[in-house]
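Chain by chain, the residues run as shown.
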Amino acid sequence: MWQCSAWLLLIGFMLDLADGAVARQLNTCSALGAKLDDFADFTSFGLATALLLHTSGFLDSLLVVVYVLAVFTRLCFYSSVGIPFMYRGLPCTYASAILACASLLTGNHTVVLRMIAVIMIFFMIDQGIYPHDKILESQLWKKMVFAGGVIAMLCSFSPLACLYHLVWSLSYILFPEALWSFKV
């Protein structure tokens, strides 16, 4: 069951990257749509991702609560930094993708997932700047990365597809300006 959940989170990651581009292309953007997108992000990448962390005690439950609060904080207070096309703190979609990939690649190894969750919490509440991930409205190579992710998901739900998404998400965290900004 956890495998299906992790794959659904990765599908949600891909859909979240596409929904804004589709709304802008169809000229259907609205303030309500932005709020609903944040609510969907909180549900998918906060609550649903936290369920991968399987609680078995007080400290585990505390980690889940802190993870969900980090996603909430990130969405409520860090979405706009006053710099165009930039976020403050790691977008929760990437944190979720990394946890889902780690879950699939390690067989849902709880110790590994807990360590990664703690690291992702720090990245989400960090004051670091990350570029807005308008991948489908950016350079051709970024569109190709997205297309590669879609193809990997459609062709097989395999460790290779999972590894593709993990490398993609880690590259966003490790090289945000060098690879993923609009300046590239």
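Every value quoted in this text rests on a predicted model; they were computed, and no experiment measured them.

With respect to helix α3 (residues 58-77)
Here comes step 1: Along its 20 residues, α3 runs 28 Å from first to last C-alpha, staying within 8% of the 28 Å computed at 1.5 Å per residue.
Here comes step 2: Residues of α3 that are buried: Asp60, Leu63, Val64, Tyr67, Val68, Ala70, Val71, Arg74 and Leu75. Taken around the axis of α3, the buried residues stretch over an arc of 150°, which confines them to a single face. Seen from the buried face of α3, the exposed residues on the opposite side, beyond 90 degrees, are Phe58, Leu59 and Phe77.

Points about the packing of aromatic side chains
Here comes step 1: For the structure on display, the rule yields eight aromatic pairs.
Here comes step 2: Ring centres of Trp7 and Phe157 lie 5.0 Å apart, and the angle between their planes is 75°; this geometry places the pair in the edge-to-face category. Remark: Phe157 occurs in the loop between α6 (140-155) and α7 (159-174) and Trp7 occurs in helix α1 (residues 2-25); sequence separation between them is 150 residues.
Here comes step 3: Given the relative accessible area of 12%, Trp7 is considered buried.
Here comes step 4: Measuring from centroid to centroid gives 5.2 Å for Phe13 and Tyr94, while their planes differ by 80°, and the two rings are edge-to-face. Highlighted residues: Phe13 in helix α1 and Tyr94 in helix α4 (residues 92-106), separated in sequence by 81 residues. Neither Phe13 nor Tyr94 differs from the other in exposure class; each is buried.
Here comes step 5: Above the plane of the ring of Tyr87 lies Arg74, whose end atom (NZ or CZ) is 4.8 Å from the centre.

Focus: the pattern of salt bridges
Here comes step 1: Following the criterion strictly, the structure yields one salt bridge and no others.
Here comes step 2: For Arg114, the salt bridge goes to Asp60, with nearest N and O atoms at 2.9 Å. Of this pair, Arg114 sits in helix α5 (residues 110-125) while Asp60 sits in helix α3, and the two are 54 residues apart along the sequence.

Quick look at the packing of α4 against α7
Here comes step 1: Relative orientation of the contacting elements α4 and α7 amounts to 145°, with a least axis distance of 9 Å. Handedness of the α4/α7 crossing: left-handed. In contact with Tyr94, Ala97, Ile98, Cys101, Leu104 and Leu105 of α4, α7 contributes Pro159, Cys162, Leu163, His165, Leu166, Trp168, Ser169, Leu170, Tyr172 and Ile173.
Here comes step 2: Of the residues assigned to the contact of α4 with α7, the class counts are 14 nonpolar, two polar and no charged.

Quick notes on the rules
- Residues numbered from 1 in each chain as written.
- Predicted model: local features only at pLDDT ≥ 70, side-chain atom pairs only at ≥ 80, totals over all residues.
- Heavy atoms only, no water.
- Helix = DSSP H or I, 4+ residues; strand = E, 2+ residues; numbered from the N terminus.
- Expected span 1.5 Å × (residues − 1).
- Buried < 20%, exposed > 50% of the residue type's maximum accessible area, 1.4 Å probe, protein only.
- Arc of directions from axis to C-beta.
- Phe/Tyr/Trp six-rings, centres within 6.5 Å; stacked < 30°, edge-to-face > 60°.
- Lys NZ or Arg CZ within 6 Å of the ring centre and 35° of its normal.
- Salt bridge = Lys/Arg side-chain N within 4 Å of Asp/Glu carboxyl O.
- Axes fitted to C-alpha atoms, helices over the stretch in contact; angles between N-to-C directions.
- Left-handed = near helix turned anticlockwise from the far one by under 90°.
- Contact = heavy atoms within 4.5 Å.
- Nonpolar A, V, L, I, M, F, W, Y, C, P; charged D, E, K, R; others polar.

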